[in-house]
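# Per-entry structural report
Single-letter residue listing:
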Amino acid sequence: MSVPPRRILLTSVFKPFAVDDEFGSRAINPVELYHNQVTREQGPFSLRMFHRTWSLMFLRENISTPCTLLDFPTRERFIRELRTCEYDMVGISSIVVNVGKVREMCRLVRLHSPHSTIVVGGHVTSIPGIERLIDADHIVRGEGVRWLRAFLGEDPEAPIRHPLIPSSFGFRVMGVPVNENRRSRSATIVPSVGCPMGCNFCTTSAFFGGKGKFVNFYDRGDELFRVMCDAERRLATRSFFMMDENFLLHKRRALELLACMQEHGKPWSMYVFSSANAVRQYDIRQLVELGVEWVWLGLESSRTSYVKLAGADTLALTRELQGHGICVHGSTIVGMEHHTPDNIWDDLDRAIAHDTVFHQFMLYTPMPGTPLHRQVAAEGRLLEGIDPADIHGQYQFNFRHPAISREQSKVLLDAAFRADYERNGPSLYRLMRTMFDRYRRYGADADPRVRARVERAARQLRGSYMAALWAMERCLQSTNRAVSDRIRELREEMGREFGARSRLSGAALGRLLAWAAEREAAAFPAGRPLEPRTFVERTNWA
């Protein structure tokens, strides 16, 4: 294209998602991180929320060309946009499971806007032979800002501008929609993409270069600090979800950020991803002062050789972190090469014994583009005829496992989720337990930043969280008395700490929450089908 495009359309694939349709959607695969692969066996206590398509927001923020961003459109809304505006370029971003929707959207562009150049990016581009599966003019793999700037005739080396990203929307729990306010709203910050650890099954690491490689947007702590200050001002938030595959691995940057927070008195909260060996670079006090309140840890089998777990006692590490009020989100792979029906529960029982606040279980899955996919393909073990819509780690194997059948893989995966829930209780209860531990340990801390951060959480514990405990205790009395009794013990302990007013208001609101949760569970045993709302945003638009 000799003349830079005058207008471009950036879009995610169309909804609905949580249905079975001809374009590859699956009812068992909703576009929800938590309900899909973390809390999905927790009935009405499952956390329900959606997240924006962050990659499209980054692309939109870093160009000056007039742009429309469509996030979660319907098929009809996408067609209407093509017919209403003249677009020189249409960019579509997708993951592997939605390749059928990408194919249909390319067809619709050719039909309704035949002069438009079609660009496809995202993890869907990792599918072998994707060029033959979809009718696109350009397939863009990896980080796309530089490519898009160059394509549009803009400076690919210009500094990265971070978009304003509220972390989630559409939050719902126990049958009740929850309105976010200044105390609960978080911002998503993306310091880098990719992970240098390079686990063989990791799609994110493979997509951005593989082992030893990543794309760093912000190398220094002061750069990150300025981005966070901007989000704090514009969203009125003090909580940040650091969407970086191994945020704590970059210790220099993290400690530079801490120094800026201390200098300017910022009582921020942070939710981070990290490997066990990276967490061990810090002492607990550094993590507390940095504001780390949640950390996602890989808890793979102790029989694996992944670098991220080298020399780590993850049970002791989890107990230490949660004892200091830092919520651990564990992640465990089900069906690794050494697993058999006889030994797999040794690893699953050990994973569940961590008693993390949240726990994700995922099938060992050779995803396109990963070293594992190349290895299994070379060994002739990839199963033929598997629809890409069913290759996502939450359904069944897409390869021949040495000892576990495809059908058994789903049974074991579901059983792991259920066992974690039945033994450890709802993640919502575990979250409150860990928050209360944080309050008791650091509520009178010498650092005013730490005290202010802990007090924000204490306000939640005194109020709506007391009601949620009351409701969970009541709902589980007949089905899981042991967990119900543990919830009662926490509720009574918090009641003694926070006083009669908290106890009385908690009981009053708790009755309503229990009624709502029981009604939700009866009406939707597998969870209410939910879809994200559509976003239409225009920038640099005349």
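Residues numbered from 1 in each chain as written. Predicted model: local features only at pLDDT ≥ 70, side-chain atom pairs only at ≥ 80, totals over all residues. Heavy atoms only, no water.

Once that is clear, we can look at the overall build of the chain. The helix and strand inventory of the chain stands at 20 helices and 17 strands. Compactness check: the chain gives a C-alpha radius of gyration of 23 Å against a globular reference of 24 Å for 542 residues, within 12% of the reference. Taken along the three principal axes of its C-alpha coordinates, the chain extends 70 × 55 × 45 Å. Within the chain, counting contacts between residues at least 6 apart in sequence, those at least 24 apart form 74% of the total. (Helix = DSSP H or I, 4+ residues; strand = E, 2+ residues; numbered from the N terminus. Rg over C-alpha atoms; globule rule 2.2 N^0.38 Å. Contact = heavy atoms within 4.5 Å.)

What follows concerns helix H15 (residues 406-424). Here H15 contains 19 residues, and its C-alpha end-to-end distance of 28 Å stays within 8% of the 27 Å for a straight helix at 1.5 Å per residue. Of all the residues in H15, the buried ones are Arg 406, Ser 409, Leu 412, Leu 413, Asp 414, Ala 415, Ala 416, Phe 417, Ala 419, Asp 420, Tyr 421 and Asn 424. (Expected span 1.5 Å × (residues − 1). Buried < 20%, exposed > 50% of the residue type's maximum accessible area, 1.4 Å probe, protein only.)

Okay, the side chain of His 373 next. Along the chain, the position of His 373 falls in helix H14 (residues 371-378). Setting aside anything within four residues of it in sequence, one finds His 373 in contact with Pro 128, Pro 366, Met 367, Pro 368 and Leu 382.

The next thing to look at is the sheet that holds strand S1 (residues 8-12). Remark on secondary structure: sheet strands pair via backbone hydrogen bonds, oriented parallel or antiparallel. Sheet architecture is open: six strands sit in the order S6-S5-S4-S1-S3-S17, paired in mixed fashion. Two strands lie at the open edges of the sheet, namely strand S6 (138-140) and strand S17 (535-539), each paired on one side alone. Taking the axes of each pair of neighbouring strands and ignoring which way they run, one obtains an average angle of 15° across the sheet. Seen against the sheet, helix H4 (residues 99-112) touches S1, strand S4 (89-93) and strand S5 (117-121) and runs at an angle of roughly 165° to S5. (Pairing = 2+ DSSP bridges. Axes fitted to C-alpha atoms, helices over the stretch in contact; angles between N-to-C directions.)

Let's shift gears to the packing of aromatic side chains. For the structure on display, the rule yields 25 aromatic pairs. Measuring from centroid to centroid gives 6.1 Å for Trp 54 and Phe 241, while their planes differ by 55°, and the two rings are tilted. On the criterion of sequence distance, the pair formed by Trp 54 in helix H2 (residues 54-61) and Phe 241 in strand S12 (residues 239-242) is long-range, its members being 187 residues apart. An aromatic cluster of three or more residues is present, and its members are Phe 17, Phe 50, Phe 72, Phe 169 and Phe 535. Residue placement shows Lys 101 over the ring face of Phe 17; its charged tip is 4.3 Å from the ring centre. Over the ring of Tyr 282 we find Lys 251, and its NZ or CZ is 5.5 Å from the ring centre. (Phe/Tyr/Trp six-rings, centres within 6.5 Å; stacked < 30°, edge-to-face > 60°. Lys NZ or Arg CZ within 6 Å of the ring centre and 35° of its normal.)

Our focus in this paragraph is unusual backbone geometry. With omega at 10°, the peptide bond leading from Lys 15 into Pro 16 counts as cis. Structurally, Pro 16 can be placed in the loop between S1 and helix H1 (33-37). With a phi close to 55°, Met 174 is a non-glycine residue in the positive phi region. The backbone of Ala 236 sits at a positive phi, close to 55°, despite the residue not being glycine. Among the secondary structure elements, Ala 236 is positioned in the loop between helix H8 (221-235) and S12.

Locating Leu 152 in the fold gives a position in the loop between helix H6 (145-151) and strand S7 (169-173). C-alpha separation for the pair Leu 152 and Cys 229, spaced 77 residues apart in sequence, amounts to 30 Å.

A word on the pairing of strand S14 (residues 292-298). For S14, the tally of buried residues reaches seven of seven residues, placing the bulk of the element in the interior. With four bridges connecting them, strand S13 (residues 269-273) and S14 associate as parallel partners. Bridged to Tyr 271 within S14 is Trp 294. Bridge analysis of S14 against strand S15 (residues 327-334) gives five bridges, and the strand direction is parallel. Its bridge partner being in S15, Gly 298 is matched across the sheet by Ser 331.

It is worth spelling out the packing of helix H13 (residues 344-353) against H15 at this point. Packing of H13 against H15 leaves a shortest axis separation of 10 Å and a crossing angle of 35°. Crossing handedness for the pair H13 and H15: right-handed. Where H13 abuts H15, its residues Ile 344, Trp 345, Leu 348, Asp 349 and Ile 352 lie against Leu 412, Ala 415, Ala 416, Ala 419, Asp 420, Arg 423 and Asn 424. Within the contact of H13 with H15, the residues separate by chemical class into eight nonpolar, one polar and three charged. (Left-handed = near helix turned anticlockwise from the far one by under 90°. Nonpolar A, V, L, I, M, F, W, Y, C, P; charged D, E, K, R; others polar.)

As for its placement among the helices and strands, Asn 277 is situated in helix H10 (residues 276-279). The exposure class of Asn 277 is partly exposed, given its relative accessible area of 25%. For the pair Asn 277 and Leu 297, spaced 20 residues apart in the sequence, the C-alpha separation amounts to 9.9 Å.

With that out of the way, let us pick up the sheet that holds strand S2 (residues 48-50). Taken in spatial order, the three strands of this open sheet run S2-S7-S8, and their pairing is antiparallel. Each end of this open sheet is capped by a strand with a single partner; those strands are S2 and strand S8 (176-177). The sheet contact formed by S2 and S7 spans two bridges and is antiparallel. Each bridged residue has a counterpart across the sheet, and for Phe 50 the counterpart in S7 is Phe 169.

A few words on the state of the cysteines. Evaluated as defined, the whole model comprises zero disulfides. The thiol of Cys 85 is not disulfide-bonded; the next cysteine sulfur, from Cys 67, is found 11 Å away. (Disulfide = S-S within 2.5 Å.)

The next subject is the side chain of Glu 143. The residue Glu 143 is located in the loop between S6 and H6 in this model. Lacking a salt bridge, the buried Glu 143 has Arg 146 as its closest oppositely charged neighbour, with an N-O distance of 5.3 Å. In terms of polar contacts, Glu 143 uses its side chain to reach the backbone amide nitrogen of Val 145, at 2.5 Å. Filtering out sequence-adjacent residues up to four positions away, Glu 143 remains in contact with Phe 208, Val 215 and Phe 217. (Lys, Arg positive; Asp, Glu negative; His and termini not counted. Salt bridge = Lys/Arg side-chain N within 4 Å of Asp/Glu carboxyl O. Polar contact = N/O pair within 3.5 Å; in protein donor to acceptor, adjacent residues only side chain to side chain.)

It is worth spelling out the nonpolar core at this point. Within the largest apolar cluster, 109 residues are counted, with the highest numbers of intra-cluster contacts made by Met 174, Met 270, Leu 321 and Met 472. Per-element accounting of this core gives the leading share, ten residues, to helix H18 (residues 464-476). The contact partners of Met 174, leaving out residues within four places of it in the chain, are Pro 44, Phe 45, Leu 428, Ala 468, Ala 471, Met 472, Leu 513, Ala 516 and Ala 517. Core analysis: the second largest hydrophobic core is formed by 34 residues, Phe 17, Ile 79, Ile 92 and Val 124 among them. (Core = buried A, V, L, I, M, F, W, Y, C linked by side-chain atoms within 4.5 Å.)

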